[in-house]
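Residue-level structure breakdown
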Amino acid sequence: MSRPDRGTRAMHHALPPELRDAVDDFAEHLSRVRNRSAHTVRAYVTDLVSLLDHAVRMGCVDLAELDLSVLRSWLAKQRTTGAARTSLARRAASARAFSAWAHRAGLLSADVGAALASPRAHRELPSVLRADQAAALVEAPARQAPPVDPAPTDPPVRSTPSVSPAPTDPSPGPAPGAAQTAEAEAVPLRDRVLLELLYATGVRVSEACGLDVGDVDHGRRVIRVFGKGGRERAVPYGVPAQRALDEWLRRGRPALVGARSGDALLLGARGGRLNPTTARQIVGAYAEAAGLPRTSPHGLRHSAATHLLEGGADLRAVQELLGHASLASTQIYTHVSVERLRAAYRQAHPRA
């Protein structure tokens, strides 16, 4: 399994052997056959263990006894405990995925989850920055003192089996003196290129942190990104991001690079690969210091997509840039643009 939380591990251990083996085999299928990310596998496993624990409590000690009534009872219990509609929709999807897999694997005589309905998830319109606010954010490292990198957490896992990211460096901080000064000067350059890339390309924070130096094509001004499911795509970036990259690679990265840096493009203050948790804190800290609305890397992704569409970009092109598997995921940004247009109309038109 993919390192579920302690409560899930305890429930998993308490399952009958047949059910426990089914969970492990399903997790292996998601990871190796479907090439799902570690985060996705963890979410599916958490949902499945909860479902099978509920089934056992209902008297199902054999996987063959799992039926639609058990699935519905499990979802109903989740609803009574206050689970959000989005959580219920995800858990229903997990149950359907497991049921389909178990049927194909011969563990269930029928795909009992195929008829399982789930509440339609309410999709809130993402909050986005205005273009001038996004520009102020990406230029903030040149004007503000850099936020201190927090203690490193888990390093990002790159979504390609052939490349292993350099781990976050747990070694002590830099020695005092000239080297420490150079490293302190390098951090704002790292922050600037992080912000520029997030906004210029609209990549996910995990994708940005997973970039290697060799993934940057300076001649064509594109980066090679490995997204969800290990899907590879090329994403262009502009001149400001190129300048930030050049400065980072010339003066910033050499000051932070260490034995554990590997080929990682973005480094933490201790020399390891920058991890997404730190990147989120960097974005939030600069936004707060600049007096901007609360912002995250995903907020910059939303902003980039919205500004592209408002500027006349084709929806299919934006879908490709963002790495969405379905156009439906991209279409939410057309709603954002319409809402902003409607707000401007109400504010400016005398007969609004």
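The preceding data block contains the structure.
Description of the structure in this document.

Rules used throughout
Residues numbered from 1 in each chain as written. Predicted model: local features only at pLDDT ≥ 70, side-chain atom pairs only at ≥ 80, totals over all residues. Heavy atoms only, no water. Pairing = 2+ DSSP bridges. Helix = DSSP H or I, 4+ residues; strand = E, 2+ residues; numbered from the N terminus. Buried < 20%, exposed > 50% of the residue type's maximum accessible area, 1.4 Å probe, protein only. Polar contact = N/O pair within 3.5 Å; in protein donor to acceptor, adjacent residues only side chain to side chain. Salt bridge = Lys/Arg side-chain N within 4 Å of Asp/Glu carboxyl O. Expected span 1.5 Å × (residues − 1). Contact = heavy atoms within 4.5 Å. Patch = residues over 30% accessible without salt bridge, like charges linked within 9 Å, V, L, I, M, F, W, Y side chains within 5 Å. Areas by Shrake-Rupley, 256 points an atom, 1.4 Å probe, with all protein chains shown as cover. Lys, Arg positive; Asp, Glu negative; His and termini not counted. Charge placed at Lys NZ, Arg CZ, Asp CG, Glu CD.

1. Some remarks on the sheet that holds strand β1 (residues 216-217)
- Read across the open sheet, the three strands follow the order β1-β2-β3; overall the sheet is antiparallel. Looking at which strands have only one partner, the edges of the open sheet turn out to be β1 and β3 (232-236).
- Judged from the five bridges that link them, strand β2 (residues 222-226) and β3 form a sheet pairing that is antiparallel. Bridging from a neighbouring strand, arginine 224 pairs with alanine 234 of β3.

2. Structural notes on the side chain of arginine 91
- Take arginine 91: it is sitting in helix α5 (residues 85-104).
- With a relative accessible area of 19%, arginine 91 lands in the buried category.
- For arginine 91, the side chain forms a polar contact with the side chain of glutamine 78, separated by 2.6 Å.

3. So, the pattern of salt bridges
- For the structure on display, the rule yields 14 salt bridges.
- For aspartate 47, the salt bridge is made with arginine 91, and the minimal N-O distance between the two is 3.9 Å. Separated by 44 residues along the polypeptide, aspartate 47 in helix α3 (residues 38-57) and arginine 91 in helix α5 bring together distant segments of the chain.
- In this structure, arginine 220 engages aspartate 217 in a salt bridge whose closest nitrogen and oxygen atoms are separated by 2.8 Å.

4. Focus: helix α4 (residues 68-80)
- For α4, which comprises 13 residues, the first-to-last C-alpha distance of 18 Å matches the rise-based estimate of 18 Å (1.5 Å per residue) to within 8%.
- When we look at burial in α4, the residues that qualify are Leu68, Val70, Leu71, Trp74, Leu75 and Gln78.
- On its buried side, α4 packs onto α3 and α5.

5. Side note on a positive patch on the surface
- On the surface, Arg34, Arg36, Arg104, Lys228 and Arg231 cluster together into a patch of positive charge.
- One can find arginine 34 in the loop between α2 (17-33) and α3.

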